[in-house]
Amino acid sequence: MHSDTQIFEGGFSDSVLNAQTVFRALMDAMANPGRIVAVDDLAVPPAPLTSLAASIAATLFDHDATVWCDRAISGSAACTGWLKFHTGLELTGEPADADFALISDVATMPSLESFCRGTSEYPDRSTTLILQIDGFDGADTLVLEGPGIKGSMAFSPSQLPKMFIDQWIANRAAFPRGVDLIFAGKGALAALPRTTRIKKTEA
């Protein structure tokens, strides 16, 4: 059961200003892979959607967006109702058909290759994955290299998909095709565009 209040309320208080704020943060993160960009709580969605993930959704999704949500989100009538009301998105049950993916449980998400990588002619028609995580002080530290990074930098998201390094190497090898990742922590976000090279630090 859910109340209509959960669906209709909890959106941006100023739709234009709030969306601009989140969009700027996303562009900063995409241009600077691994950079942690602070974002205030701007939305109050039903659980298990987090405030930041919902804010990203409200900024990027519209009636032309096809979105895949993991089981916890898609199985919540309150969550799907909130997303539809505040963004107008179209939901899909097939990861390969999605423009965006919204993932609340990183440990059980499909492999990166399950999502659309775009085509050689239209590499931009790939899936952008939004991963809800606890923060950026995880036990596994990754070293990032590539465009937007001076030298290299450490990146430690609190949760990573299983076999992430291998999955990312395969994703990177498909360039210019490939998926892009947005990590939505608590009050901060970061991004890994497909151009980023990544490796695990040696013990």
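None of the values given here were measured: they were computed from a predicted structure. (Residues numbered from 1 in each chain as written. Predicted model: local features only at pLDDT ≥ 70, side-chain atom pairs only at ≥ 80, totals over all residues. Heavy atoms only, no water.)

Asker: Residue-level account of the environment of Ala43, with values.
Answerer: As for its placement among the helices and strands, Ala43 is situated in the loop between strand E1 (37-38) and helix H3 (51-60). Residues Ala43 and Gly11, spaced 32 residues apart in sequence, show a C-alpha to C-alpha distance of 5.0 Å. Contact partners of Ala43, with chain neighbours within four places excluded, come to Gly10, Phe12, Ser51, Ala54, Ser55 and Trp82. (Helix = DSSP H or I, 4+ residues; strand = E, 2+ residues; numbered from the N terminus. Contact = heavy atoms within 4.5 Å.)

Asker: So what's going on with the nonpolar core? Which residues, and what values?
Answerer: In this structure, Ile56, Phe61, Leu83, Leu102, Ile130 and Leu189 are the most contacted members of the largest nonpolar core, which totals 31 residues. Those elements that place two or more of their residues in this core are helix H2 (15-31), H3, strand E2 (66-69), helix H5 (77-87), strand E4 (100-103), strand E8 (180-184) and strand E9 (188-192). Residues contacting Ile130, with those up to four places away along its chain left out, are Ala53, Ile56, Phe61, Ala101, Leu102, Ile103, Ile182 and Ala184. Within the second largest apolar cluster, 25 residues are counted, among which are Leu112, Leu129, Ile133 and Phe136. (Core = buried A, V, L, I, M, F, W, Y, C linked by side-chain atoms within 4.5 Å. Buried < 20%, exposed > 50% of the residue type's maximum accessible area, 1.4 Å probe, protein only.)

Asker: Tell me about the environment of Ala107, residues and numbers included.
Answerer: Note that Ala107 resides in the loop between E4 and strand E5 (128-132). As for Ala107 and Ala174, which are separated by 67 residues in sequence, their C-alpha atoms are 24 Å apart.

Asker: Describe the side chain of Ser55, with residues and values.
Answerer: One can find Ser55 in helix H3. In contact with Ser55, other than residues within four places in its own chain, are Phe12, Val22, Leu42 and Ala43.

Asker: Quick one: what's the story with the packing of aromatic side chains, residue by residue and with numbers?
Answerer: Per the counting criterion, the structure on display carries 6 aromatic pairs. Ring plane angle 75° and centroid distance 5.7 Å describe the contact between Trp68 and Phe115, whose orientation is recorded as edge-to-face. Within this pair, whereas Trp68 is found in strand E2, its partner Phe115 is found in the loop between E4 and E5, the two being separated by 47 residues in sequence. Phe115 carries the same exposure label as Trp68, and that label is buried. Plain terms: the ring middles of Phe155 and Phe183 are 5.4 Å apart, the flat faces sit at 75° to each other, and that makes the pair edge-to-face. Taken as a pair, Phe155 in strand E7 (residues 153-155) and Phe183 in strand E8 lie far apart in primary sequence, 28 residues in all. An aromatic cluster is present here, built from Phe136, Phe155 and Phe183 joined pairwise through their rings. Above the ring of Tyr122, the side-chain terminus of Arg125 is found at 3.8 Å from the ring centroid. Just above the ring of Phe175 sits the side chain of Arg172; from NZ or CZ to the centre is 5.4 Å. (Phe/Tyr/Trp six-rings, centres within 6.5 Å; stacked < 30°, edge-to-face > 60°. Lys NZ or Arg CZ within 6 Å of the ring centre and 35° of its normal.)

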